[in-house]
Amino acid sequence: MSSQQTEEPPAKKTIVIVRYGELSLKSKGVRDRYEQILKNNIRQMLDYHGVSYSQIRRDFGRIFIHSSDPAAAEKAALVFGVVSVSPAHTCRTEPDAIAALCAELGAGMITDGEKFAVRARRSGNHSFTSNEIARRCGDAIWNKLTETGKSPAVDLTAPDKEIFVEVRQTDSYVYSETIKGPGGFPTGTQGKMVVLLSGGIDSPVAAWLMMKRGVEIIPVFFDNEQYAGPIVAEKAIENAKLLFSWTPGRKQKIYRIKNSEYMEKMMQTTGSKNICLMCKRFMFRIAGAVMEKEHASGIITGSSLGQVASQTAENMLSETYGLSLPLYHPLLAFDKQEIIDIAQKIGTFRISIRSDGGKECLAVPEKPEVKAALTAAVSEEKKMTFNIDEMVQKTVENAEIIEMKT
Ligand code: ATP
Ligand code: MG
């Protein structure tokens, strides 16, 4: 190839390479379906954020977004199921064209004296190897840098800058940046689950981790009314909306449950020490009823073993003893700091820590039970002067259902 051809600006367009992990391990039929869902979810995320693009296409284990909008990669990296994304330049699979793209990218990002490396990978049938194309691209970058008066150096072990080349059968891609995605599975591939969502730090993180695995959530929030300040309800609803923004483009709903009638009647027979135990058991019963009503397949909580009084293993067992509910506690083995780190990353932390200075729950006794007997909650229910199943039914019927499209 003549030097004149290399100097011509290469035909390029901007593209985003989207990589996904676990779903490529599925059988062909399942993988096809999951990839189609992932592609739709990416489209919905880009639309939600007003990102412009001309095409989103699947191609052998990758999704490509044709877009020159600088926000395209960043927003695609928010989609569940996405492992990583790279904003890239693309050209036909033609060694001179690839080398010219590398030279242009390299000249823009490698400063004088910096060490660089080209990493190339290849799939398909070509007349050159990936090592050959890497060397050719390295030479092109070198020449371009020296032409512009810089002194380049190649270092394949500890470079300051790396340029990646991905050669495919007909098209090739050149990039320098990779943004990590959340991983997991595309939303809508693992059904729906109810999440017991409070205004606190933990339950939004628990919900997000299950969303990451492909679950659509139905938040159920207990508005303890006279026992909680208004800020608690506000925070729970804001947390729910923020979680929904991770899975845009679909109809979503929040159940706001008023449980003061139950609380009042329960407290007439339950000793103060067991109030939290019985409050939580009622939450589980309600979550179970909402789960059935919504044809969902599980209940998520933010419980973390031993974190507070209500979350000892003994209490957790007693609270649900005999209820036979599909409960998921994704944070059970997480430390508080680990939970906070995720809350900050996903955006719920700043909502959860807001406080109006008051106590979050006035019903919590001075000394709550921390080592409940196996049948403690069952015995407390037997003492109650009302029918618990009817109370559950009535409470769910009276729930405020907040519907929205994100
Ligand atoms: P969180 O930070 O999620 O509020 P927590 O550390 O305050 O949790 P608890 O108050 O014992 O712990 O709650 C344990 C779990 O019970 C919560 O993570 C949540 O799933 C559920 N829960 C607690 N309060 C409510 C509520 N008002 N509405 C819905 N679910 C709740
Ligand atoms: Mg709480």
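Calculation rules
Residues numbered from 1 in each chain as written. Chains lettered and ligands numbered in written order. Predicted model: local features only at pLDDT ≥ 70, side-chain atom pairs only at ≥ 80, totals over all residues. Heavy atoms only, no water. Helix = DSSP H or I, 4+ residues; strand = E, 2+ residues; numbered from the N terminus. Rg over C-alpha atoms; globule rule 2.2 N^0.38 Å. Buried < 20%, exposed > 50% of the residue type's maximum accessible area, 1.4 Å probe, protein only. Contact = heavy atoms within 4.5 Å. Lys, Arg positive; Asp, Glu negative; His and termini not counted. Charge placed at Lys NZ, Arg CZ, Asp CG, Glu CD. Salt bridge = Lys/Arg side-chain N within 4 Å of Asp/Glu carboxyl O. Near = heavy atom within 4 Å. Polar contact = N/O pair within 3.5 Å; in protein donor to acceptor, adjacent residues only side chain to side chain. Areas by Shrake-Rupley, 256 points an atom, 1.4 Å probe, with all protein chains shown as cover. Pairing = 2+ DSSP bridges. Right-handed = clockwise from strand over helix to strand, strands pointing away. Domains from an automatic or database assignment. Buried area = accessible area lost by both parts, 1.4 Å probe. Phe/Tyr/Trp six-rings, centres within 6.5 Å; stacked < 30°, edge-to-face > 60°.

Focus on the overall build of the protein
When you go through the protein residue by residue, the secondary structure sums to 14 helices and 15 strands. Against the 2.2 N^0.38 benchmark of 22 Å for 406 residues, the protein shows a C-alpha radius of gyration of 27 Å, more extended than a compact globule. A burial count over the protein gives 51% of its 406 residues as buried. Across the protein, every contact between residues at least 6 apart in sequence was considered, and the portion connecting residues at least 24 apart equals 80%. For the protein, the distance from the average site of its 52 positive side-chain charges to the average site of its 49 negative ones is 3 Å.

A look at the pattern of salt bridges
As enumerated under the stated definition, the model contains 29 salt bridges in all. Across the pair E261 and K265 runs a salt bridge whose closest N-O atoms are separated by 3.0 Å. Of this pair, E261 and K265 both sit in helix α8 (residues 260-269), 4 residues apart, roughly one helical turn. For E261, a relative accessible area of 31% corresponds to the partly exposed category.

Re the site of ligand 1
If you check the shell around ligand 1, you find 19 residues, and the closest are L196, S198, D202, S203 and S310. Within the backbone of L196, an N or O atom sits 2.6 Å from an oxygen atom of ligand 1. Considered on its own, ligand 1 offers 560 Å² of accessible surface; in the complex 84% of this is hidden by protein. Of all elements in the fold, only α6 (202-212), β11 (216-223) and α9 (275-293) reach the threshold of two or more residues within the shell around ligand 1. Tallying contributions element by element places β11 first for the shell around ligand 1, with 3 residues.

Some words on the side chain of S303
Its place among the elements puts S303 in the loop between β13 (299-300) and α10 (313-320). Its relative accessible area of 9% is what places S303 among the buried residues. Not counting residues within four places of it along the chain, the set of residues in contact with S303 comprises Q311, M316, H329, L331 and L332.

Some remarks on the sheet that holds β13
Within the open sheet, the 6 strands sit side by side as β14-β13-β10-β11-β12-β15. Their pairing is mixed. For this open sheet the edge positions go to β14 (327-328) and β15 (400-405), each flanked by a neighbour on one side alone. Sheet topology places strand β12 (residues 251-258) next to β15; 6 bridges connect them, and they run antiparallel. Pairing of Y255 across the sheet is with I401, part of β15.

A look at the environment of F244
Locating F244 in the fold gives a position in helix α7 (residues 230-244). Classification of F244 as buried rests on a relative accessible area of 0%. The sequence separation of F244 and S355 amounts to 111 residues, and the corresponding C-alpha distance is 23 Å. In this structure, F244 is in contact with I217, P219, Q252, K253, I254, M404 and T406, ignoring residues within four places of it in sequence.

Thoughts on unusual backbone geometry
Unlike most non-glycine residues, H295 shows phi in positive territory, near 55°. Residue position: H295 is located in the loop between α9 and β13. Judged by its relative accessible area of 69%, H295 falls in the exposed class. Even without being glycine, S324 reaches a positive phi, approximately 45°. Considering the arrangement of structural elements, one finds S324 in the loop between α10 and β14. We classify S324 as exposed; its relative accessible area is 71%.

Considerations on the pairing of strand β10 (residues 192-196)
Counting buried residues along β10, 4 of its 5 residues qualify, which places the element largely inside the surrounding structure. Sheet topology note: the β10/β11 ladder contains 5 bridges and is parallel. Bridging from a neighbouring strand, K192 pairs with E216 of β11. After leaving β10, the chain enters α6 and then returns to the sheet as β11, a path that is right-handed.

Re the domain arrangement of the protein
Domain annotation for the protein reports domain 1 (15-180) and domain 2 (192-405). On a C-alpha basis, the centres of domain 1 and domain 2 stand 44 Å from each other. Opposite the 7 residues of domain 1 that make contact, domain 2 presents 10 residues. Taken together, both faces of the contact between domain 1 and domain 2 bury some 790 Å²; the carbon and sulfur share is 62%. On the domain 1 side of the contact with domain 2, Q44, Y48 and F80 bury the most area, a combined 64% of that side's loss.

Things to note about the packing of aromatic side chains
All told, the structure shown has 8 aromatic pairs when counted by the stated rule. Between the aromatic rings of Y34 and F185, the centroid separation amounts to 5.9 Å while the plane-to-plane angle is 75°, which identifies the pairing as edge-to-face. Of this pair, Y34 sits in helix α2 (residues 28-48) while F185 sits in the loop between β9 (179-180) and β10; the two residues are 151 residues apart in sequence, bridging distant segments of the chain. Chaining the aromatic ring pairs together yields one cluster made of F80, W208 and W246.

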